[in-house]
Amino acid sequence: MGKTMKKGQSSLEYLIFIAVAIIIVALVIKYTEPAVKEVPITGIVYIDPETSPVVEQTSEKIKWKVTYYYPPGCQATKCDFYVSVNLKYYYSSDKYRIDVYIGGEADRIKKIKVSMCTGWEKVVDANGFDRNYFVGYFAKKELDPLFPCQVTVMAWIK
């Protein structure tokens, strides 16, 4: 014959299933949350003599500047971080110079990585902000084929 169930037996089984499901969800959250925090914010800007804004022009040089701000639209003094790239062309030597500036709120950032089309790459931890990282001089014939020069910024937030 059929089994006889005691009163309330099936509701106890449902409670056990719900408890197991809650434990599984809690474990998934516990182990995936740190992994999500390690995913960096990634931004890309391009520096190009043809399209980037000219910020200075003299008889000696011309200077272009692009800046990546996070969060977008913030002002440099109120940003979590920013990366500015200055491209200068010197007429007399027929060479470019690239400077990279990294600034921001050190208490919000674990580290920032900046990579450029020239192959230059720099990783800066929160203690390294507000420094000028000189990138180098490049002959016009070396750098011209790389324009627009992609600058990739990756930041890991605390």
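For the structure, see preceding data.
First, a word on scope: everything that follows refers to the structure included in this document. (Residues numbered from 1 in each chain as written. Predicted model: local features only at pLDDT ≥ 70, side-chain atom pairs only at ≥ 80, totals over all residues. Heavy atoms only, no water.)

## Quick word on the state of the cysteines
Right, so step 1: One pass over the full model with this rule turns up two disulfides.
Right, so step 2: Between the sulfur atoms of C74 and its disulfide partner C79 the distance amounts to 1.9 Å. Classification of the bridge connecting C74 and C79 rests on its S-S torsion, roughly 105 degrees, and on that basis the disulfide is right-handed. In terms of burial, C74 and C79 fall into one category: buried.
Right, so step 3: There is a disulfide in this structure between C117 and C149, and the S-S distance comes to 1.9 Å. Torsion about the S-S bond of the C117 and C149 cystine: about -105 degrees, corresponding to left-handed handedness. Of the two residues, C117 sits in the loop between strand 6 (109–116) and strand 7 (121–125) while C149 sits in strand 9 (residues 149–157), which places them 32 residues apart along the sequence. (Disulfide = S-S within 2.5 Å. Buried < 20%, exposed > 50% of the residue type's maximum accessible area, 1.4 Å probe, protein only. Helix = DSSP H or I, 4+ residues; strand = E, 2+ residues; numbered from the N terminus.)

## A closer look at the side chain of D99
Right, so step 1: Looking at the element boundaries, D99 is found in strand 5 (residues 95–104).
Right, so step 2: Within the local environment of D99, its side chain forms a polar contact with the side chain of K88, the two groups lying 3.2 Å apart.
Right, so step 3: If we ignore the near neighbours within four places in the chain, the residues touching D99 are S84, V85, N86, K88, N132, Y133 and F134. (Polar contact = N/O pair within 3.5 Å; in protein donor to acceptor, adjacent residues only side chain to side chain. Contact = heavy atoms within 4.5 Å.)

## Observations regarding the packing of aromatic side chains
Right, so step 1: Counted under the stated rule, the structure contains nine aromatic pairs.
Right, so step 2: The interplanar angle of 45 degrees and the centroid separation of 6.5 Å between the aromatic rings of W64 and Y96 together place this pair among those described as tilted. Linking W64 in strand 3 (residues 61–70) with Y96 in strand 5, this pair joins segments that are 32 residues apart in sequence. Per residue, the accessibility class of W64 equals that of Y96, and both read buried.
Right, so step 3: Plain terms: the ring middles of Y69 and Y82 are 6.3 Å apart, the flat faces sit at 40 degrees to each other, and that makes the pair tilted. (Phe/Tyr/Trp six-rings, centres within 6.5 Å; stacked < 30°, edge-to-face > 60°.)

Interpretation note: all reported values are geometric properties and have no functional meaning in isolation.
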